[in-house]
Amino acid sequence: MYATRALRMAPTMRMMRLPKEDQSAHTISQRLRKLKQIPAELIPLGVVVAFAVFAAGYSTTRKFWVDKNLRLARQNRKADPTEDGEHH
């Protein structure tokens, strides 16, 4: 049985002529040079978003760590229905 043209995964001429990507930098210094191409208007936005993500992570972690009223595990297992009660 021969493979059909659609199933044979050979690159076409159109795919072979594609130029190399501009993002093919491999070293850290080359990637840092790419940061200069970011528009200046986006840098404050990035700082604000980074701070918001940090603050959300900090406050969530602090809430789980400090709040003693937060129920993290099931309590009073004797009052839970076992076999004769409701099952969810």
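Residues numbered from 1 in each chain as written. Predicted model: local features only at pLDDT ≥ 70, side-chain atom pairs only at ≥ 80, totals over all residues. Heavy atoms only, no water.

**A look at the overall build of the chain**
Here is step 1 of the chain: A tally of helices and strands in the chain yields 3 helices and 0 strands.
Here is step 2 of the chain: Going from N to C terminus, the chain has its helices and strands arranged as α-α-α.
Here is step 3 of the chain: Across the 88 residues of the chain, 1% fall into the buried class.
Here is step 4 of the chain: Split by element, the accessible area of the chain, about 9600 Å² in all, is 62% carbon and sulfur. (Helix = DSSP H or I, 4+ residues; strand = E, 2+ residues; numbered from the N terminus. Buried < 20%, exposed > 50% of the residue type's maximum accessible area, 1.4 Å probe, protein only. Areas by Shrake-Rupley, 256 points an atom, 1.4 Å probe, with all protein chains shown as cover.)

**Some words on a nonpolar patch on the surface**
Here is step 1 of the chain: On the surface, I28, L32, L35, I38, L42, I43, L45, V47, V49 and V53 cluster together into a nonpolar patch covering about 970 Å² of accessible area.
Here is step 2 of the chain: Listing elements by their share of the nonpolar patch, those giving two or more residues are helix 2 (28-34) and helix 3 (42-66).
Here is step 3 of the chain: When you line up the elements, L35 lands in the loop between helix 2 and helix 3. (Patch = residues over 30% accessible without salt bridge, like charges linked within 9 Å, V, L, I, M, F, W, Y side chains within 5 Å. Salt bridge = Lys/Arg side-chain N within 4 Å of Asp/Glu carboxyl O.)

**Here we look at the pattern of salt bridges**
Here is step 1 of the chain: This structure, assessed with the given rule, holds 1 salt bridge.
Here is step 2 of the chain: Ionic pairing is found between D67 and K63, a salt bridge with its closest N-O pair at 3.1 Å.

**Section: the environment of Q30**
Here is step 1 of the chain: Take Q30: it is sitting in helix 2.
Here is step 2 of the chain: A polar atom in the side chain of Q30 sits 3.3 Å from the side chain of T27. (Polar contact = N/O pair within 3.5 Å; in protein donor to acceptor, adjacent residues only side chain to side chain.)

**A short note on the confidence of the model for the chain**
Here is step 1 of the chain: Looking at the chain, pLDDT values average 77 and 61% of them are 70 or higher.
Here is step 2 of the chain: Mean pLDDT across the elements of the chain ranges from a minimum in helix 1 (residues 13-16), with 64, to a maximum in helix 3, with 95. (pLDDT = per-residue confidence, 0-100.)

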